[in-house]
Amino acid sequence: MIDQLKKSVASTSASCYHCGELCTTTKIVFEEKAFCCAGCQSVYQILAENNLCNYYSITQNPGLSQQIPKVNTYYDFLDEAQVIEKFVHFKEGALYHIKLRIPNMHCSSCIWLLENLNKLHAGIVSSRVTFLEREIQIVFNANEVSLKEIVVLLKKIGYEPNLTLDDLLHQEEKKQNRSQLYKIGIAGFCFGNIMMLSFPDYFASGKFLNDGNLNLTFNYISLGLSLPVLLYCAQEFFISSWQHLKQRRINIDMPIALAILITFLVSLYMILVQNKLGFLDSMSGIVFFMLLGRFFQNRSYHYLTFKRSYASYLPISVNTLVDGNEKNIPLTSAVIGDEILIRQHEVVPADSILLDDKAWFDYSFVSGESNWIEKYPNQIIYAGAMLTSSKAQLKISKTPSQSYITQLWNRNQSEKYASNTFFTAEKINLYFSSIVLLLGFSACMYWVFAGQAAIGLTALVTVWIVACPCALLLSSTFTNGNLLTILAGNGMYVKNAEVLEKLKQANTLVFDKTGTLTNTHQAEIDFIGRDLSVQEYEAIYALSNLSIHPLSRLIARFLNHYTQHEVQNFCLYEGKGISGTVNGLQVQIGSEKWIGVKPKLSSSFTRVFIKLNDEIVGFFEIKNQYRSNIFDVLTKLKSTYQLHLLSGDNDAEAQTLTPWFANGKNIQFNCLPEDKTAYIKRLQQAGNKVVMIGDGLNDANAFEQAEAGIAVIESEHNYLPACDIILKAESLSKLNLMMNYIRKLNVILITCFVISIVYNIVGLSFAMQGKLTPVVAAILMPISTISIVGISFVLSNYFASKHKLSI
C-alpha cells in the first residue's frame, strides 16, 4: 500500500486540497493533490479508497487542518468527571458510549466519514449516525482516547459537535420559535401597511389627491417598510440558498429567495426611476405567507412527532419489592430508591445499583454485542442490561426513562430495515428545484419575446413560489407517522415505517401457541403424581418463579402460597425446560422428552413434568384457556392469509386447533427454536412473505428469519423481545382489524401523491400563463403542504374508524 503512494515533499506555498491552508513549510503530493500535512493526506486517502471523494465536491476544502493541533483550552472542561457523566449514557470498564449532536452533516460522504472514525483514531471502537436527528453515537476506549480528544478530532475534520446539554437545547428551541414569531409579526405588520399605502396604485393609477409629493412619500415609506422584511424576515430563505450554493447544490428555498430578490429589485427600480410603487406589497406578502405557512407546517410536524413518540412508549412494567412482597407497577410509577426484582432474560428498566452478592448481565441491547458481564454489590447496572443469571435485586438510582427503553428496542435489528429515504428525498428536492428554476425562466422568456414583459415578470415570480415538492416528500412521512401513532394507540407498537411495508406485503402468518393463543393468567392446573412434601413443593415453586416462560408463570401462581427459597445453579434450556438446586434438592421442570418420560397415551391437556433428584415424580396438567375471541380472529385472518401453528408443547390440543390451520396440515408440535426457524425458511423458499407471531420467548431466531416478528406481551411484561412489533395481549383480538388497516396504507399514499401532483400541475399551468399574483402563489404553496398533512390525517383516521380502531 505504502509503495503505491505517489507522494513527494517540497517547499511550496500551495494550498491544501483538504483544509485549504497554505503549505508554507512542506507540501505532500498524493494523486497530484497537495496537502499541508500527513493528517490531511490520510483523511483524503480514507475517502479515496472508499470512492467517497464527492465529499470534496460539496464545499471547497471542507476539512480542517490535520497539522499538529494547538491545545484549545475551550474544551478543557470535557476532562472533568462530572461533565463526562452528562454525555455518557453507558459505560462498562473502559468502554464509554456517548451521543453528540453534529449540525454540519449533510450528505452520504458526511455519514460515511463519521461512521468510520475508528480509522482516524484507534481508541474509537465504533460510531453510528442518526441522520435525521443530526446525532452520532460513539463507543470509545477511555484508556486510549478521551472525550475531549474525540471532540477535537470531530472539529478537525469539519464536524464540530454542539455540546449544549438537553435543558439548554430546549431553551434554544424556544428562542428559535420566538424569533420565528417575531419575523411573522414584523412581516405581517409591514405587509399590511404597504398594502394600505398601495391603495393609490390600486384605485387611482398611482395618483392620490393629485399630489405627486404625497404619492412619492407613500412610495418611499413603503420602501422603508420593505427593508426589514427583506433583510430580517426573509433571512432564512437567503441563508439556506447561499449555504446550498456553496455546496454546489440547489434546494427549494432558492427559487423563493430569487423571487423575493427580483421582486424587490424591480420595485426599487420603479420607485427610483419611474416614481411607481412596484411590487413591494407582493414581496412582503410572499415573505409573510411563506413564513406563516412554514410555522403551521412545523407546528403540525412537531405535534405529530410528539404524539407519535408519546404513543409509542412501550408498556414496560417493573416488579417492585415492598416489605418483601412483589408488586408489579408501570415503569412510569417507579421512582429513585425503589427496590426491584429482575428475572432471567428481563431487562433492567432504569440505571440501578445491584443489591445481591453477584449477578450476570448482557448489554447487547445497549452495545449491540452479546457480552456477559459479572456485577457485584453496589455496582451500577445501566438501563437496557438483560439479566442472564437466575434473578437479581436492584435499587433504582436514576429516574426511569420510558423513551430511552423504547429507543433501545427500536435500535435493535435496525440494519434489517436499512433505508435510503433521506437520499431519495434529497434527489427529489434537487431535481424538482432545478426544473422549477428552468420553468420560471422559460415562462419569463416566452412572455418577454411576446412583448408582455410585465406578465413575464409575474410568471417568473409565481412559478418559483407556487411549485412545492414538500407535499410529495412529506406525504409518505406523515401518512406512515399517522398509522404508527394509531396502531400504537391500539396496542400495536411498530418499530418503523419499513416494518409497515413488510406487514403490508405478508401473505402468511405463523403463530406460536403457549402465551400467544392461550391466556397465561387463566388456566386450570392440577398436579398428578406421587404425594409431595412441603419442602418439595417449595423447591418447585422457587425454581418456577425464576422463569418468565408462560407455563412456569402459571405453575408459580398455582404454588404462590409456598415460601420462596434461594435457588442455586439455575439453568435455562431453551425450548426444553429449567433446572436448579433448592436446599440441596435437584429440581428439573420441563417437557416430556427433555425430562426423559417415555411417550404414553396422548392427553387433551398440556403437561409439564417434574424431576426431583433424578426421580420423575409427576407432572402438572394444564388446561389452557384460549384468549377471548381468538378463534373468531383466526377465522377472519384465514380468508386473507395462510395460517400456520408452531408450538414447543405436545400435541394435546391438536384436535381443538386443527380447523383453523388447513385441517392440521399447517401444524407442528414439539418444536425446538431451531425447528421454528427452519420451518419459516421453508415457507419463504416457497415464495411466501412470513410474519411470525409469538410471545417473544424462544422466538428470537424465528423473528429474525421472518419478514417481520410480532411479540404478544402481557400487561406486566418487563423484557424486550428481539422483534419488530410488540402487541399487547388484550389487543390480539383486533389483529385482523389492524392487519387490514395496514393494507390501506397504499390507498392513503396514492391519494396524497395524486393530490400533490395535481396541485403542482395546476398551479404551474396558471403561473406560467401569468394568471397568478405573487401574493396568491405565496398563500397557495404552504396551504398545499398543510392540506396534504390534513388529508393524510383525515384518511388515516377514517380508515381507522372504519376498521373499528381507537383514534
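Residues numbered from 1 in each chain as written. Predicted model: local features only at pLDDT ≥ 70, side-chain atom pairs only at ≥ 80, totals over all residues. Heavy atoms only, no water.

Q: Explain the overall build of the protein here, please?
A: Looking only at helices and strands, the protein has 27 helices and 29 strands in total. Taking all 807 residues of the protein together, the buried fraction comes to 51%. Relative to all contacts within the protein whose residues are 6 or more apart in sequence, the contacts with residues 24 or more apart total 65%. (Helix = DSSP H or I, 4+ residues; strand = E, 2+ residues; numbered from the N terminus. Buried < 20%, exposed > 50% of the residue type's maximum accessible area, 1.4 Å probe, protein only. Contact = heavy atoms within 4.5 Å.)

Q: What am I meant to see in the sheet that holds strand S15 (residues 386-387) here?
A: Within a sheet, neighbouring strands are paired by backbone hydrogen bonds and run either parallel or antiparallel to one another. Strands sit in the order S13-S12-S15 across an open sheet of three strands; the sheet is antiparallel. Either end of the sheet is taken by a strand with one partner, and the two such strands are strand S13 (372-375) and S15. One ladder, built from four bridges, connects strand S12 (residues 359-362) with S13; its direction is antiparallel. In the strand pairing of S13, Phe 361 is matched with Ile 373. (Pairing = 2+ DSSP bridges.)

Q: What is the right way to read the nonpolar core from this model?
A: As a rule of thumb, nonpolar side chains are buried together in soluble globular proteins. If you look at the biggest cluster of nonpolar residues, it comprises 50 residues, and the most contacted ones within it are Phe 237, Ile 260, Leu 280, Val 287, Met 290 and Ile 465. Only helix H6 (166-197), helix H8 (212-233), helix H10 (253-274), helix H11 (280-311), helix H14 (421-449), helix H15 (453-466), helix H26 (745-768) and helix H27 (774-802) provide two or more residues apiece to this core. Top contributing element to this core by residue count: H11, with nine residues. Residues contacting Val 287, with those up to four places away along its chain left out, are Ala 187, Val 229, Cys 233, Ala 234 and Ile 260. Listed in part, the 49 residues of the second largest apolar core include Leu 483, Phe 661, Leu 727 and Met 738. (Core = buried A, V, L, I, M, F, W, Y, C linked by side-chain atoms within 4.5 Å.)

Q: For this particular structure, what's the right way to read the packing of aromatic side chains?
A: The geometry of an aromatic ring pair is captured by two quantities: the separation of the ring centres and the angle between the planes. Here the structure, examined in full by the defined rule, presents 15 aromatic pairs. Between Phe 511 and Phe 661, the ring centres sit 6.4 Å apart and the planes meet at 70°, which makes this aromatic pair edge-to-face. Placement of Phe 511 in strand S18 (residues 508-511) and of Phe 661 in the loop between helix H22 (654-657) and strand S26 (667-668) is noted, with a sequence separation of 150 residues between them. Here Phe 527 and Tyr 537 contribute two aromatic rings whose centre-to-centre distance is 6.1 Å and whose plane-to-plane angle is 75°, an arrangement assigned as edge-to-face. Of the two residues, Phe 527 sits in strand S19 (residues 518-529) while Tyr 537 sits in helix H18 (residues 534-544), which places them 10 residues apart along the sequence. As far as the burial class goes, Phe 527 and Tyr 537 line up, both buried. (Phe/Tyr/Trp six-rings, centres within 6.5 Å; stacked < 30°, edge-to-face > 60°.)

Q: Explain the side chain of Asp 724 to me, please; I cannot follow it from the model alone.
A: In this structure, Asp 724 sits in the loop between strand S28 (708-713) and strand S29 (725-728). A distance of 2.8 Å separates a polar side-chain atom of Asp 724 from the backbone nitrogen of Gly 709. (Polar contact = N/O pair within 3.5 Å; in protein donor to acceptor, adjacent residues only side chain to side chain.)

Q: Got a minute to help me understand the confidence of the model for the protein in this structure?
A: As a general rule, the predicted coordinates of low-pLDDT regions are not to be interpreted in detail. Of the residues in the protein, 77% have a pLDDT of 70 or more, and the chain-wide mean is 78. Put simply, strand S1 (residues 8-10) is where the protein has its lowest mean pLDDT, 41, and S18 is where it has its highest, 94. Under a pLDDT of 50 for its full length, residues 165-172 has, in the predicted model, five contacts with residues more than four places off or in other chains. With pLDDT under 50 throughout, residues 418-425 is counted as low confidence; its partners more than four residues away or in other chains account for nine contacts. (pLDDT = per-residue confidence, 0-100.)

Q: Looking at this model, I keep getting lost on H15. Mind explaining?
A: Each full turn of the α-helix corresponds to 3.6 residues, which orients residues three or four apart in the same direction. With 14 residues, H15 extends 20 Å between its outermost C-alpha atoms, agreeing within 8% with the 20 Å of an ideal straight helix rising 1.5 Å per residue. Here H15 lies mainly inside the structure; 11 of its 14 residues are buried. Among all positions of H15, only Gly 456, Leu 457, Thr 458, Ala 459, Leu 460, Val 461, Thr 462, Val 463, Trp 464, Ile 465 and Val 466 are buried. (Expected span 1.5 Å × (residues − 1).)

Q: Explain helix H23 (residues 673-685) here, please?
A: Between its terminal C-alpha atoms H23 stretches 19 Å, which fits the 18 Å expected from 13 residues at 1.5 Å a residue. Of the residues making up H23, those classed as buried are Pro 673, Lys 676, Thr 677, Tyr 679, Ile 680, Leu 683 and Gln 684. When H23 is viewed along its axis, its buried side chains cluster within an angular range of 160° and face the same direction. Next to the buried residues of H23 lie S18, strand S25 (642-646), S26, strand S27 (690-694) and helix H24 (700-705). Phi for Gly 687, located one or two positions after H23, is positive at around 95°. (Arc of directions from axis to C-beta.)

Q: What is the right way to read the environment of Thr 785 from this model?
A: Relative to the elements of secondary structure, Thr 785 occurs in helix H27. Taking relative accessible area as the criterion, Thr 785 reaches 2% and is therefore assigned buried. Spatially, the C-alpha atoms of Thr 785 and Ser 756 are 8.2 Å apart, while their sequence positions differ by 29 residues.

Q: It is not clear to me how unusual backbone geometry should be interpreted in this structure. Could you clarify?
A: Glycine aside, residues mostly have negative phi, and peptide bonds are mostly found in the trans state. One non-glycine residue, Asn 629, lies in the positive phi region at around 65°. Relative to the helices and strands, Asn 629 is located in the loop between strand S24 (615-626) and helix H21 (630-638). The backbone of Asn 670 sits at a positive phi, close to 55°, despite the residue not being glycine. Positionally, Asn 670 belongs in the loop between S26 and H23.

Q: I'm lost on the pattern of salt bridges in this one. Help?
A: Two side chains carrying opposite charge are able to pair once their charged atoms lie near each other. Counted by the stated rule, this structure contains eight salt bridges. Between Lys 398 and Asp 351 there is a salt bridge, and its shortest N-O distance comes to 4.0 Å. Of this pair, Lys 398 sits in the loop between strand S16 (391-396) and helix H13 (402-411) while Asp 351 sits in the loop between strand S10 (339-343) and strand S11 (352-354), and the two are 47 residues apart along the sequence. With relative accessibility at 10%, the residue Asp 351 sits in the buried group. (Salt bridge = Lys/Arg side-chain N within 4 Å of Asp/Glu carboxyl O.)

Q: Please clarify how the packing of H15 against H26 should be interpreted in this entry.
A: Relative placement of two packed helices is described by the angle separating their axes and the distance separating the axes. Close contact between H15 and H26 brings their axes to 8 Å; oriented N to C, the two are set at 170°. Accordingly, the angle class assigned to the pair H15 and H26 is roughly antiparallel. Of the residues in H26, those touching H15 at Ala 459, Thr 462, Val 463 and Val 466 are Tyr 759, Gly 763, Leu 764, Ala 767 and Met 768. A breakdown of the residues in the contact of H15 with H26 according to their chemical character gives seven nonpolar, two polar and no charged. (Axes fitted to C-alpha atoms, helices over the stretch in contact; angles between N-to-C directions. Parallel < 35°, antiparallel > 145°, perpendicular 65-115°, else oblique. Nonpolar A, V, L, I, M, F, W, Y, C, P; charged D, E, K, R; others polar.)

Q: Mind showing me how you'd approach the sheet that holds strand S7 (residues 135-141) here?
A: Ordered by their spatial adjacency, four strands build an open sheet running S4-S5-S7-S6, and the pairing between neighbours is antiparallel. Of all strands in the sheet, those bounded by a partner on one side alone are strand S4 (88-92) and strand S6 (124-130). Across this sheet, the average inter-strand angle for adjacent strands is 15°, counted without regard to direction. Pairing geometry for strand S5 (residues 95-101) and S7, over seven bridges, is antiparallel. Bridging from a neighbouring strand, Tyr 96 pairs with Phe 140 of S7. Docked against the sheet, helix H5 (residues 147-156) engages S5, S6 and S7, running at close to 135° with respect to S7.

Q: Which parts of the structure should I look at to understand a nonpolar patch on the surface?
A: Together, Ile 750, Val 754, Val 758, Val 762 and Phe 766 make up an exposed nonpolar region whose accessible area comes to about 420 Å². Here Phe 766 is to be found in helix H26. Assessed through its relative accessible area of 40%, Phe 766 is described here as partly exposed. (Patch = residues over 30% accessible without salt bridge, like charges linked within 9 Å, V, L, I, M, F, W, Y side chains within 5 Å. Areas by Shrake-Rupley, 256 points an atom, 1.4 Å probe, with all protein chains shown as cover.)

Q: Would you mind going over the side chain of His 644 with me for this structure?
A: Checked against the element boundaries, His 644 lands in strand S25. At 2.8 Å, the side chain of His 644 and the side chain of Tyr 679 are in polar contact. If we skip the residues at most four places from it in the chain, His 644 touches Thr 508, Leu 509, Val 510, Phe 511, Phe 661, Asn 666, Tyr 679 and Leu 683.

Q: What is the right way to look at the environment of Glu 592 in this model?
A: Among the structural elements, Glu 592 can be located in helix H20 (residues 592-595). Judged by its relative accessible area of 23%, Glu 592 falls in the partly exposed class. With 18 residues separating them in the primary sequence, Glu 592 and Ile 610 have C-alpha atoms 9.1 Å apart.

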